[in-house]
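# Per-entry structural report
Spelled out, the chains give:
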Protein chains: 2
Amino acid sequence: MRRKFFSESSAISEPVNFSPPRKLGDRSPPPPLAAEQFELCDNLDEWSRSPHRHRVPPKYRDGNTIDWWYEDFAERERWKGLLSQSGLKGLLAPLLDAAKMWFVIVCTGIGVGVAGGWLDVLVKWLGDLREGRCTSSIFYNSVACCSGLDPGEVCNEWRSWSNYLGVHSILGQSLLQSFIYIVLSVAFAASAAVLVVTYAPFAFHTGIPEIKAILGGYVFDSFLSAWTLLIKALGLALSVASGLSLGKEARHSGPLVHVACCMAFLLSRLFVQFRYNEAHKRKLLAAAAAAGVSVAFGSPLGGVLFGLEELDTFANESDVMWRGFVTSVIAAVALQYVDPFGTSKLVLFQVRGMGEGSWLAFELIPWLALAVIGGILGSLLIRLNVAIAVYRRNSFLREWPVLEVVGAAAITAAVNDLVSDRVQSSELVANLFQECDPIRGDFHGLCNPTAMWENVFLLLLTSIIKIGFTAWTFGMMVPAGIFLPTIAIGASLGRAVGMLTQGLYKAYPKAWIFSACPPDPTVRCIYPGFYAVIGASAMLGGVTRMTISLVVILFELTGALSHVLPIMISVMVSKWVGDALGEDGIYASWISMRRYPWLAPIEYHDNGEVAADVMTSTLGLVVIENGIRLLELDELLKTWEYHGFPVILGGKLIGYASRDKIITYIQPILSESGASNRRCLFVEHPSSSATEPDTVDLSALVEDVMQLRKEVPLELVVNMFRKLNLRHIMFTQAGELTGMITKTDIVALSSAHFPHTGALAEQRAT
Amino acid sequence: MRRKFFSESSAISEPVNFSPPRKLGDRSPPPPLAAEQFELCDNLDEWSRSPHRHRVPPKYRDGNTIDWWYEDFAERERWKGLLSQSGLKGLLAPLLDAAKMWFVIVCTGIGVGVAGGWLDVLVKWLGDLREGRCTSSIFYNSVACCSGLDPGEVCNEWRSWSNYLGVHSILGQSLLQSFIYIVLSVAFAASAAVLVVTYAPFAFHTGIPEIKAILGGYVFDSFLSAWTLLIKALGLALSVASGLSLGKEARHSGPLVHVACCMAFLLSRLFVQFRYNEAHKRKLLAAAAAAGVSVAFGSPLGGVLFGLEELDTFANESDVMWRGFVTSVIAAVALQYVDPFGTSKLVLFQVRGMGEGSWLAFELIPWLALAVIGGILGSLLIRLNVAIAVYRRNSFLREWPVLEVVGAAAITAAVNDLVSDRVQSSELVANLFQECDPIRGDFHGLCNPTAMWENVFLLLLTSIIKIGFTAWTFGMMVPAGIFLPTIAIGASLGRAVGMLTQGLYKAYPKAWIFSACPPDPTVRCIYPGFYAVIGASAMLGGVTRMTISLVVILFELTGALSHVLPIMISVMVSKWVGDALGEDGIYASWISMRRYPWLAPIEYHDNGEVAADVMTSTLGLVVIENGIRLLELDELLKTWEYHGFPVILGGKLIGYASRDKIITYIQPILSESGASNRRCLFVEHPSSSATEPDTVDLSALVEDVMQLRKEVPLELVVNMFRKLNLRHIMFTQAGELTGMITKTDIVALSSAHFPHTGALAEQRAT
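Residues numbered from 1 in each chain as written. Chains lettered and ligands numbered in written order. Predicted model: local features only at pLDDT ≥ 70, side-chain atom pairs only at ≥ 80, totals over all residues. Heavy atoms only, no water.

## Some details on the overall build of chain A
Here is the rule we go by: Working definition: helices are DSSP H or I runs of at least four residues, strands are E runs of at least two. Numbering for both runs from the N terminus. The buried label applies to any residue whose accessible area, calculated with a 1.4 Å probe on protein chains only, is under 20% of its type's maximum; exposed applies above 50%, and partly exposed to all values in between. The contact rule is simple, with two residues in contact once any of their heavy atoms fall within 4.5 Å. Every accessible area reported is derived by Shrake-Rupley at a probe size of 1.4 Å, with residue values counting cover from the shown protein chains alone.
If you tally the helices and strands in chain A, you get 26 helices and 11 strands. The buried share of chain A, taken over its 766 residues, is 63%. Sequence separation of 24 or more characterises 75% of the internal contacts of chain A that already satisfy a separation of 6 or more. Within the structure as shown, chain A displays about 27,400 Å² of accessible surface, and the carbon and sulfur contribution to it stands at 65%.

## Things to note about the nonpolar core
Rules: Nine residue types can take part in a nonpolar core, namely buried Ala, Val, Leu, Ile, Met, Phe, Trp, Tyr and Cys, and a core is a set of them joined through side-chain atoms within 4.5 Å.
By size, the foremost hydrophobic cluster in this structure holds 306 residues, and its most contacted members are A:Phe325 and B:Phe325. It is helix H3 (residues 87-129) of chain A that provides the largest number of residues to this core, a total of 11 residues. Those residues in contact with B:Phe325 that lie beyond four places of it in its chain are A:Ile548, A:Val551, A:Val552, A:Val564, A:Met568, B:Leu301 and B:Val304. Counting residues in each nonpolar core, the second largest holds 46 residues, with A:Leu599, A:Val712, A:Leu724 and B:Ile729 among its members.

## Observations regarding helix H17 (residues 452-473) of chain A
Along an α-helix, residues three or four positions apart point the same way, because every turn accommodates 3.6 residues. Note the threshold: For a helix, the expected span equals 1.5 Å multiplied by the number of residues minus one.
End to end, H17(A) covers 31 Å across 22 residues, agreeing with the expected 32 Å (1.5 Å per residue, within 8%). Phi turns positive, to about 130°, at A:Gly475, one or two residues after H17(A).

## Things to note about the state of the cysteines
The cut-off we apply is this: Disulfides are defined as pairs of cysteine sulfur atoms found within 2.5 Å of each other.
Scanning all chains against the criterion turns up 0 disulfides over all chains. Free of any disulfide, B:Cys107 has its nearest neighbouring cysteine sulfur in B:Cys261, separated by 16 Å.

## Observations concerning a nonpolar patch on the surface
Residues and elements named next belong to chain A. Test applied: Residues enter patches when their relative accessible area tops 30% and they take part in no salt bridge; the joining distance is 9 Å for like charges and 5 Å for the nonpolar side chains Val, Leu, Ile, Met, Phe, Trp and Tyr. Whenever a carboxyl oxygen of Asp or Glu lies within 4 Å of a side-chain nitrogen of Lys or Arg, that contact is scored as a salt bridge.
On the surface, Leu88, Leu91, Leu92 and Leu95 cluster together into a nonpolar patch covering about 440 Å² of accessible area. As for its placement among the helices and strands, Leu92 is situated in helix H3. Overall, Leu92 belongs to the partly exposed group, its relative accessible area being 45%.

## Thoughts on the packing of aromatic side chains
The description of two aromatic rings rests on the distance between their centres and on the angle between their planes. Here is the rule we go by: Geometry of aromatic contacts follows a simple scheme: Phe, Tyr and Trp rings, the Trp one being its six-membered ring, pair when their centres are within 6.5 Å, and the pair is stacked under 30 degrees between planes, edge-to-face over 60, tilted otherwise.
Applying the stated criterion to the full structure yields 34 aromatic pairs over all chains. Plain terms: the ring middles of A:Tyr218 and A:Tyr596 are 5.3 Å apart, the flat faces sit at 55° to each other, and that makes the pair tilted. Within this pair, whereas A:Tyr218 is found in the loop between helix H7 (208-215) and helix H8 (226-241), its partner A:Tyr596 is found in the loop between helix H22 (586-593) and strand E3 (616-617), the two being separated by 378 residues in sequence. Side by side, A:Tyr218 and A:Tyr596 carry an identical accessibility label, which is buried. With a centroid separation of 5.3 Å and an interplanar angle of 85°, the aromatic rings of B:Phe362 and B:Phe514 are classed as edge-to-face.

## Let's talk about the confidence of the model for chain A
Residues and elements named next belong to chain A. The criterion, for reference: Residue-level confidence of the predictor, termed pLDDT, takes values from 0 up to 100.
Of all residues in chain A, 83% attain a pLDDT of 70 or more, and the chain-wide mean is 78. Mean pLDDT per element in chain A: helix H1 (residues 45-49) is the minimum at 33, and helix H14 (residues 364-394) is the maximum at 93. Considering only residues more than four positions removed or in separate chains, one finds that residues 1-56, a stretch of pLDDT under 50, has 161 contacts. Two summary scores accompany this predicted model of the complex, namely pTM at 0.82 and ipTM at 0.79.

## Digging into the environment of B:Asn394
Here B:Asn394 shows up in helix H14 (residues 364-394). Along the primary structure B:Asn394 and B:Asp97 are separated by 297 residues, whereas in three dimensions their C-alpha atoms are 50 Å apart.

## Details of the pattern of salt bridges
Oppositely charged side chains can pair when the atoms bearing their charge come close. Per the counting criterion, the structure on display carries 18 salt bridges over all chains. Here B:Glu278 and B:Lys281 are joined by a salt bridge, their closest N and O atoms 3.3 Å apart. On the criterion of helical spacing, the pair formed by B:Glu278 and B:Lys281 is a turn pair, its members being 3 residues apart in helix H11 (residues 278-297). In terms of burial, B:Glu278 and B:Lys281 fall into one category: buried. B:Asp634 is paired through a salt bridge with B:Lys638; the nearest N and O atoms lie 2.3 Å apart. Of this pair, B:Asp634 and B:Lys638 both sit in helix H23 (residues 630-639), 4 residues apart, which is roughly one turn of that helix. Judged by its relative accessible area of 10%, B:Asp634 falls in the buried class. When salt bridges with common partners are traced through the structure, they connect A:Glu278, A:Lys281 and A:Arg282 into a single cluster.

## With respect to the pairing of strand E11 (residues 736-742) of chain A
Residue and element names in this part refer to chain A. The cut-off we apply is this: We call two strands paired when DSSP finds no fewer than two bridges between them.
In terms of residue burial, E11 counts as a mostly covered element, since 6 of its 7 residues are buried. When E3 meets E11, the two strands line up antiparallel, connected through 2 bridges. Opposite Ser617, over in E11, you have Gly739 as the bridge partner.

## What about the packing of H14(A) against helix H21 (residues 564-581) of chain A?
Residues and elements named next belong to chain A. Put simply, the rule reads: Every angle, taken between N-to-C directions, lies between 0 and 180 degrees, and every axis is a line fitted to C-alpha atoms, over only the stretch in contact when it is a helix. Put simply, angles under 35 degrees are roughly parallel, angles over 145 are roughly antiparallel, angles from 65 to 115 are roughly perpendicular, and the rest are oblique. For any helix crossing, the convention is left-handed if the near helix is rotated counterclockwise from the far helix by under a right angle, and right-handed if that rotation is clockwise. Ten residue types, Ala, Val, Leu, Ile, Met, Phe, Trp, Tyr, Cys and Pro, are classed as nonpolar, four, Asp, Glu, Lys and Arg, as charged, and the remainder, Gly among them, as polar.
Across the interface, H14 lies against H21 with an axial gap of 8 Å and an inter-helix angle of 40°. By the angle class used here, H14 and H21 are oblique. Helix-helix and strand crossings are classified by hand; for H14 and H21 the assignment is right-handed. Contacts between H14 and H21 involve Leu364, Trp367, Leu368, Ala371, Val372, Gly374, Gly375, Ile376, Ser379 and Arg383 from the first element and Pro566, Ile569, Ser570, Val573, Ser574, Val577, Gly578 and Leu581 from the second. Of the residues that constitute the contact of H14 with H21, the class distribution is 11 nonpolar, 6 polar and 1 charged.

## Overview of the side chain of B:His205
All names here are of chain B. Residue position: His205 is located in the loop between helix H6 (170-199) and helix H7 (208-215). For His205, a relative accessible area of 0% corresponds to the buried category. Not counting residues up to four positions away in its chain, the partners in contact with His205 are Glu210, Lys232, Phe474, Gly475, Met476, Val478, Pro479, Ala480 and Trp590.

## A word on the packing of helix H25 (residues 714-724) of chain B against helix H26 (residues 743-750) of chain B
Residue and element names in this part refer to chain B. Where H25 meets H26, the axes come as close as 11 Å, and the angle between the chain directions of the two elements is 115°. By the criterion of interaxial angle, the relationship of H25 to H26 is roughly perpendicular. Crossing of H25 over H26 shows left-handed handedness. Together, Leu714, Val717, Val718 and Phe721 of H25 and Lys743, Ile746 and Leu749 of H26 make up the contact between the two elements. The residue makeup of the contact of H25 with H26, split by class, is 6 nonpolar, no polar and 1 charged.

Printed below as a string of structure tokens:
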């Protein structure tokens, strides 16, 4: 029970200013708000009201949780200070303030858009480099190299390595190609891993779990450092180009969200108003996160809704939502203007030629099947990934992260190279969404009607292989995302199912189930490309357990409104199936594995428990008695590492005093001679003052705490923690302290069902 | 101070179950939760724990505010009851439950879509009927009548009245036409007004203020009755067809939102789970509201974001948001399938021919000007509208609503008929968004380059006239919306500015400001159609003060992503300007005029006030002393109409007892002989029981209340009311009652700046 009270549990700290009965029979008006509430403010009338208070601003270290109420108060005080300035200054200051905010937002938006665009270029170039080089300049990728040719013309500029190095024997060629391909892949992956391990350990895998925790109030500045930004971007390009199972596109949602947040964080440090206000800073980070998603998929609305649903940050604050929206749009526009490949293609995978946007009732059967499969495979992928992550942590692999990456890269490259290029070809995923169209030619034989069974087999093989590789790759020490591999898996599955349905239809065009289709099988009736979209959405639903933002993102893919219905259904069904097989999505799993203090934005339902069943009773608490001698107090602080202590007077709760503040305050006094015997008073009484010889007035350090009755249902407690951003609640009985619940307890509670909670937690200490 | 405690103030009632020190020195474990918390639940273990508790479910009357916590608890208990059922029943019950919910959602969606579609048809037909009739069948509108003709062919089926009635003299024709036009307009308007006044007084104007209040917990069932639904839909069609200044389209956001909510409400009454749970019901209403907007503008995402931003209902509850999204999509798809005019036109005004989606920097100057004008005119419109509404209430017009409508209709029709038809022509608004295009022909001479000044003059005239008429019409006893008239005003302004800019460019193509344009003025460089969009968004921003949902709706209009930036800028600027001129948007103004208990979803900022400055101190409160004689209690209840009373024991607060419950409980006892002298005990002590001769145990009626210290800053109090859906907070000092704040006080506080608060409040009593 006591463990959770160590400050590393990072959840115990200054609570809201709520009203405990301060002292029984106390008729005098109680003191005003704790001075700490008014740190950064200019007008210190509060301050003047309490002469002998000491300004101890909360010092946040990585691993702490911020005090929302304090931050908000500080911000509002600062704002009032601005407004209260006289004359022109008073008029301009607020404008200047807003200007700074918008500066950060606009710059972040542009930055993310540009970064996303150029990552694409970099990846394309590195990827092509594994196949060959452009004779005109090695810095051209195959497309740029052969651009500006007439349709008929053959491109001689781009030459495969074997051709370039003048190897002529077929065997020699294929061997050389494979060799260079694998070597370069491994080299890319290795360098990415080395960069991450040596310079920015936090730049690995997607950043979304951390971002969620940070937006929830977790302090983790080193996760947003400039180094992390640089390494994340570079490493992402390298690892993607290395052909690891991360999809082939550089615009990964997760890593881009991380990059965006780093940008916003660094930009915000330019201005005092953000640097000193964690809450204010987080509102910018939320906007940046939305922009990241917006760029990743070219859907600004998807970004906003992602921020709403997944990050749960815009709740009740339409201005924050508005900022997020502006940032996402600017980012999307910036991406469009960068337009790396001259194709002003904003969305990641354009879905084309999808009929006149109509679908037939019987198609719901294969689609529902896909949804169920997606839900099952999704939670399978999560379980695999978690198991591998836990194994990695507890096995020798922990010591050899780079080696693991190299191995993975080598195997992946070999597999890609063996199992014909079609399985992993860079355009495959995009083409899975395309309808076959004689004019636009065949996509890797996907449209070859005779090779139906072969295609289906290859697609299924692809998805199975990719599930394995993805579960392994996601969590290695390289930047990686989960969205795109999942899309690839789902799309392959979906396309396979679509082709099967089509084949079935071609075989039995007269079957009653196909009665809605024209009897002539040559007329197109089934669009496998859209089946791929359904498959992707089902798989995503199963893995991420997102709903509306997912649908919006895929909606902007297909465009047709009537196609949103099937997408919605598949997402919903796969989420249901997934939830039935395991509560948490992949992000939530990682959050609980690393034990971040994060409360899921879902309503918590107890089974009739009350607070008393969860709280640490008074017996388990270390409390400070009013009137304790300074020496004893110092002892107590030295003995117990807790973040703070309840202060009581004859059993009645007075308030809460945080360890840091007491130490800062009593250190100087302790140095005085004979001070150690003085009594510490935490309640003011008229005569008391610091000058009094044998007492020390510590009442300034006492903070009010929220009090409830321990019979309150647990649901209510959890929801209060969520809605009011509390960090602990004390339970009293007619003023008597009976127990205490901290945010950590609540977090532990909500992740209790998850077997591997905290499996990767130590990592946080680094 | 006392006024606000009358139950009509509708905001005082059962609060959250929070922990007051129940009784000083009380060591015995306090009783479990008040039994009222577990009314509708099946498993009454809570119940059994408290033998002598009486089940008094809150009876809500119109004008009350619901008890969110109670409703949520009841719902969860019900749910647990379902799950706890044994065997197959336990498995199926939850599924059935979900099925019912989805049934309501899907039906609502389809219903709204269909309603929206057919309202369009009805309006078109009625509107055309004022001009003439179709000889083949009077039930065809001009389009349907002349459909199926070859391009060249002339339509003889549709004939104007004069033509139909065989009047030949020019004068006679025009006179007859004007006569019939005006008479029919007045007839339509009058019938709409009569319907509303006699059958459904709540069906008048937009329903959004009421919907906001209802979703905020206000009980107003008669507003959602079947009659209201019918009259609202029919009356809307009539009043729109009558040519009153409501725009010409039937798909009005406000009324459609109202219609949608009525549908959801009526459907929800089919199932016990909704009928008996107000909170659950409101979640459905929120989804329906989103669907209403989705149909009104054909933008499902706009609907969802409207629900998020304006109604503030999806906050923290992604499942509610999800439902809203599903409903909106289904509604939009349904509308698309109904497709009244064979043109599968989903969005209200399609914007076409808007160049290659590029805009030039210098255009920001006219656009910013438009934004500022929009902000100013927007708040002007609001002030006018409020002034007229207040005047209407306090003048003879109050007694003659139908007369007023008739007058308005007559004047409007006359003006429309005099000021040439172009000013009000039904297609004008739509055409304002169109670019001039030789192929698609001229729109009412808008594209006639020679008539530039005339057009500009007419457009400005239109907008000025419409501002006046709209401010008058919106609030009369006919269904009306504010969105479309505002769009019309803004579009006219915008188009005018666009034409001026274009004219300027044509006059001085070489001016440095136009350097970005090609020097040849015949090449198109400025697109007045998009200026109309900017104007509309600016005007809407000024009137409604919405941000993100507005932009999304207009975004789905224009489609081009790069055009979202200017729209965003204009909305933002006009909102700033508007806020500077008057805090509230039109909806907020109406809410405060009718004094609905609604808290704006914005953060409240105090100026250093604390709770003590606002609360009603103990002197102003009527309290029940523990041990009061039954007779006295009865007297007190008869004397004071308050919704409930604090119960104290020697100055210490015990809890809160609501009037209804006490009455229900003591009535039977009072009838007993000699009961009147028995003492009422509100605190349990071991020996107490109902059987004891000279006491009555009322402890079951005592509810716990949330307690704070009266030095808590006001901001915190307001935000707690908002975030926790509280209805009152008591302020105590070491257990002693010092004061009380109710939700009404908070509402009054947040609408204090508004001069006409409650000007129309009595209406609510009807």
